[in-house]
Amino acid sequence: MAVSGRKSILNAETLTELSEAAPIRVLIVDDQSLVKEGLALIAGSDAGIEVVGKAEDGRAGLAAALQLRPDIVLMDVRMPVMDGIEATGKLLEHDGEANEIRVIALTTYDSEDFAVRMLAAGASGFLLKDAPGEDLVRAIRTVHAGNAIIDPSMTKTLLKRLSGPGPSGEATQTADRDEKRNKMLAKLTARERDVLEYLVQGESNSSIAARLFLAEVTVKSHVGRILEKFELPDRVHVVIWAYESGFRS
């Protein structure tokens, strides 16, 4: 009986700990009602996620975020009144009030430039609006854990576009940009350069490992050294660097 009673107490303690685990609080900012409601339905279907608010434009989203203090803001890029880029930049300027808030940009295939500008404004990643529901939940959990998220399809589309010819009459690269990029690349070993080729395409560590016939832990180590040498915080900003430097994988 004593053993049975102790098991009962341990189970109760475990259940208490689980019940006390705070859900990830999410604010959704999008000007399309159907999209907003759909995102809320998908995110809210996960027991560990709570949708605490919705807003229809960047200005309203900024006000709601500062009031509600969510963990994650799902921020549409293109909206009336104030777009997601400006709203993200203004939100993350509030160090004291928004220090723990992270933004995930929501975008479509035809808005690569806007997505990169969102990342530059401080977003922790971007996700396509037509991504599967499980990808949305995974993105929320990934960013909440302190990591960045890049939609691989979006990354590849972005870099494919960047590798094409630039607008008529405009130089695709300046000598100064070339020089800075080449100095950065010179910091890398040959193997790190190999990893970089796939990293900027949004490939996961496991995918890179398979392509280069390396152990996943080895790829993780190479990625860490690339971030350290480039003085970049995460994989997302490697994509920004590729965009801004004209890097072609």
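Up top is the structure.
Structural notes, computed from the coordinates. (Residues numbered from 1 in each chain as written. Predicted model: local features only at pLDDT ≥ 70, side-chain atom pairs only at ≥ 80, totals over all residues. Heavy atoms only, no water.)

Section: the layout of surface pockets
Put simply, the largest pocket is a space of about 620 Å³. Lining the largest pocket are 28 residues, with Thr142, Ala148, Ile149, Ile150 and Arg235 sitting closest to its centre. Taken together, the residues of the lining of the largest pocket sort by class into ten nonpolar, ten polar and eight charged. In terms of domain composition, the lining of the largest pocket takes at least three residues from each of domain 1 (24–149) and domain 2 (174–245). (1 Å grid on protein atoms, 1.4 Å probe; cavity = no way out; pocket = protein on both sides within 12 Å on 5 of 7 lines; lining within 4 Å. Points joined across faces, edges and corners; volume = space filled by probe spheres on them. Nonpolar A, V, L, I, M, F, W, Y, C, P; charged D, E, K, R; others polar. Domains from an automatic or database assignment.)

Considerations on the environment of Asp57
The topology assignment puts Asp57 in the loop between strand S2 (49–55) and helix H3 (58–68). Residue contacts for Asp57: discarding those within four places in its chain leaves Val29, Met79, Pro80, Val81 and Met82. Engagement of the side chain of Asp57 in a polar contact is seen with the backbone nitrogen of Arg59, the distance being 3.0 Å. Here Ala60 takes part through its backbone nitrogen, which lies 2.8 Å from a polar atom of the side chain of Asp57. (Helix = DSSP H or I, 4+ residues; strand = E, 2+ residues; numbered from the N terminus. Contact = heavy atoms within 4.5 Å. Polar contact = N/O pair within 3.5 Å; in protein donor to acceptor, adjacent residues only side chain to side chain.)

Brief notes about the environment of Asp178
Residue position: Asp178 is located in helix H9 (residues 175–185). Separated by 69 residues in the primary sequence, Asp178 and Phe247 place their C-alpha atoms 8.8 Å from one another.

So, the packing of aromatic side chains
Taken as a whole and judged by the stated rule, the model has two aromatic pairs. Taking the centre distance of 4.8 Å and the plane angle of 45° together, the rings of Phe230 and Trp241 count as tilted. Taken together, the residues span a long stretch of sequence, with Phe230 in helix H12 (residues 216–230) and Trp241 in helix H13 (residues 235–245) at a distance of eleven residues. According to the relative accessible area criterion, Phe230 is buried, its value standing at 5%. (Phe/Tyr/Trp six-rings, centres within 6.5 Å; stacked < 30°, edge-to-face > 60°. Buried < 20%, exposed > 50% of the residue type's maximum accessible area, 1.4 Å probe, protein only.)

Thoughts on the pairing of strand S1 (residues 24–29)
With five of its six residues buried, S1 lies for the most part within the structure. Summarising the sheet, S1 and S2 pair through six bridges and their orientation is parallel. In the sheet register, Arg25 faces S2, and the bridge partner there is Glu50. In this region the chain leaves S1, passes through helix H2 (residues 33–44) and returns to the parallel neighbour S2; the handedness of that crossover is right-handed. Here S1 runs beside strand S3 (residues 72–76); their pairing, made up of four bridges, is parallel. The partner of Leu27 across the bridge, within S3, is Val73. (Pairing = 2+ DSSP bridges. Right-handed = clockwise from strand over helix to strand, strands pointing away.)

With respect to the nonpolar core
Counting residues in each nonpolar core, the largest one holds 29 residues, and the members touching the most others are Val29, Val73, Met75, Leu91, Val103 and Met118. Going through the elements one at a time, S1, H3, S3, helix H4 (84–93), strand S4 (102–107), helix H6 (112–121) and H13 are the ones with two or more residues in this core. Element by element, the count of residues in this core is highest for H3, at four residues. Inspection of this core shows a minimum of three residues originating in each of domain 1 (24–149) and domain 2 (174–245). Of all hydrophobic cores here, the second largest spans 20 residues; its members include Met184, Leu212, Val223 and Trp241. (Core = buried A, V, L, I, M, F, W, Y, C linked by side-chain atoms within 4.5 Å.)

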